[in-house]
Amino acid sequence: MSDGHFAEHEATWRLVKENAGGWDIAGEIPRTVLSELGAAGVLCAEVRKEHGGLGLGSQESGKLTAHVGSLCSSLRSVMTSQGMAAWTVQRLGTREQRAAFLPQLTGGRLAAVAFSEPDAGSDLGAMTTQLRLDGDTVIVDGSKTWITAAAYADLIVVIGKAGDTAAAVVVPTDAQGVRIEKVPHPMGCRAAGHARVQLEGVRLPAANVLGGTGLSLPFLVTTALAYGRMSVAWGCVGILRGCLGAVTEHARSRRQFGKPIAEHQLVARRIAELYAAERTATAVCRQASGCWESGSPDQVIATVLAKHVGATEAVRGAASALQIMASAGASDGHVVARAYRDAKLMEIIEGSSEICQLELARHALATGHGTARQEEAQ
């Protein structure tokens, strides 16, 4: 994101930084803040300008996501959900559907994407939510769980089965038969609006089904999940940057045994490792975003790698930061305490670390040493 865009919202970023701890403790971000950022196009910055978005590429959008992630992972999580919803509409929707829904998402209305179910987490093939067409109407029945930002959402893109195929439908949360129940006391990203979504005989216009029925479930999941993984990866860069900022400030000013703790070798080692983690996560995210912008065939695996490395480094880095900060960073709401809890969720959402490892292993086994040799030759 350009410096001009950052400066344009400087007051908002200052407000986020000053209040993120309080929002974490309260478990809620003020709706006015979310609506303001939504209306500015910031929550789904890759939406094209013709639909009211900022039209950012993956690199610039990543910079914005990392910046927000360094301030408040809960807000970044809402951004990820809004971006996934917009991306799904943009990729699957018809011209008419894009014109109908995208301006709402860049105009202040909030959105989420509903995949997970009580018995369908990583195994999304076990999904039981059903979409049934009845003339010019679609009927939606199902139960979704731990849906990020659903507690704030005006619209939810619900993924479900349509007979032997699958489909995605845009569901207004005020439609009859929709019930939203906020998840109480989540461990991390406490203000991200995680909620359970019950759908009981929800009748909607068939025009709300994005691109119609007949799509494969893996295609639907991959379409939305790829954006989410990229956003989470950049968000993990933000977590590391937030930790690094807090730790370096603390280590310079905190004195023990007659000198700043930064001058103690074991502390300095942890700071060095945290810096290396942030640089490593940034590098893999930049490489993956480059694949998105160039249309590289390596886009999918580069995104998985970025998400896996980012989440792994964020968990290690946050733990190391807390060790350095000790009691100074252990208070509820403190940036490092938040990072410690929030980072762990990043190893679970949008494809767990184990799922990412399986995908990376399959890729390595399929390509062998040929890819490495080819890159060395270049």
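Remember, predicted model here, so these are calculated numbers, not experimental data.

Engineer: I keep staring at the nonpolar core and nothing clicks. Help me out?
Structural biologist: When a protein is soluble and globular, its nonpolar side chains tend to lie buried together. Counting 72 residues, the largest nonpolar core has Phe115, Val157, Ile159, Leu210, Met230 and Met346 as its most contacted members. Looking at this core, the element that brings in the most residues is helix 7 (residues 217-253), giving 20 residues. The next biggest cluster of nonpolar side chains, apart from the first, holds 46 residues, and it includes Val16, Cys72, Ala114 and Tyr152.

Engineer: Please clarify how helix 7 should be interpreted in this entry.
Structural biologist: Taking 1.5 Å as the rise per residue, helix 7 with 37 residues should run 54 Å; its terminal C-alpha atoms sit 54 Å apart, in good agreement. In the structure, helix 7 departs most strongly from a straight axis at Leu225, where the bend amounts to approximately 30 degrees. Extensive coverage of helix 7 is indicated by the burial of 28 of its 37 residues. Its side-chain oxygen 3.2 Å from the backbone nitrogen of Phe219, Ser216 forms the N-cap of helix 7.

Engineer: Teacher, can you tell me more about unusual backbone geometry here?
Structural biologist: Most peptide bonds adopt trans geometry, and most residues besides glycine take a negative phi value. The backbone of Phe257 sits at a positive phi, close to 55 degrees, despite the residue not being glycine. By the secondary structure assignment, Phe257 is in the loop between strand 8 (255-256) and strand 9 (259-260). Even without being a glycine, Glu350 presents a positive backbone phi close to 55 degrees. With respect to the element layout, Glu350 can be found in the loop between helix 10 (335-346) and helix 11 (353-367). Looking at Glu350, the relative accessible area reads 16%, which means it is buried.

Engineer: How should I be thinking about the packing of helix 8 (residues 265-294) against helix 9 (residues 299-325) in this particular structure?
Structural biologist: Helix-helix packing: each pair is described by the crossing angle between the helix axes and the interaxial distance. As a packed pair, helix 8 and helix 9 sit with axes 9 Å apart at the nearest point and diverge in direction by 160 degrees. Judged by the angle between their axes, helix 8 and helix 9 are roughly antiparallel. The handedness of the crossing between helix 8 and helix 9 is left-handed. Tallied by class, the residues present in the contact of helix 8 with helix 9 amount to 15 nonpolar, eight polar and two charged.

Engineer: What am I meant to see in the side chain of Ser353 here?
Structural biologist: Inspection of the secondary structure puts Ser353 in helix 11. Residue classification places Ser353 among the buried residues on the basis of a relative accessible area of 8%. Apart from the residues lying within four places of it in its own chain, the contact partners of Ser353 are His308 and Glu347.

What counts and how
Residues numbered from 1 in each chain as written. Predicted model: local features only at pLDDT ≥ 70, side-chain atom pairs only at ≥ 80, totals over all residues. Heavy atoms only, no water. Core = buried A, V, L, I, M, F, W, Y, C linked by side-chain atoms within 4.5 Å. Buried < 20%, exposed > 50% of the residue type's maximum accessible area, 1.4 Å probe, protein only. Helix = DSSP H or I, 4+ residues; strand = E, 2+ residues; numbered from the N terminus. Expected span 1.5 Å × (residues − 1). Bend = angle between axes of the 7 residues up to and from the residue. Polar contact = N/O pair within 3.5 Å; in protein donor to acceptor, adjacent residues only side chain to side chain. Axes fitted to C-alpha atoms, helices over the stretch in contact; angles between N-to-C directions. Parallel < 35°, antiparallel > 145°, perpendicular 65-115°, else oblique. Left-handed = near helix turned anticlockwise from the far one by under 90°. Nonpolar A, V, L, I, M, F, W, Y, C, P; charged D, E, K, R; others polar. Contact = heavy atoms within 4.5 Å.

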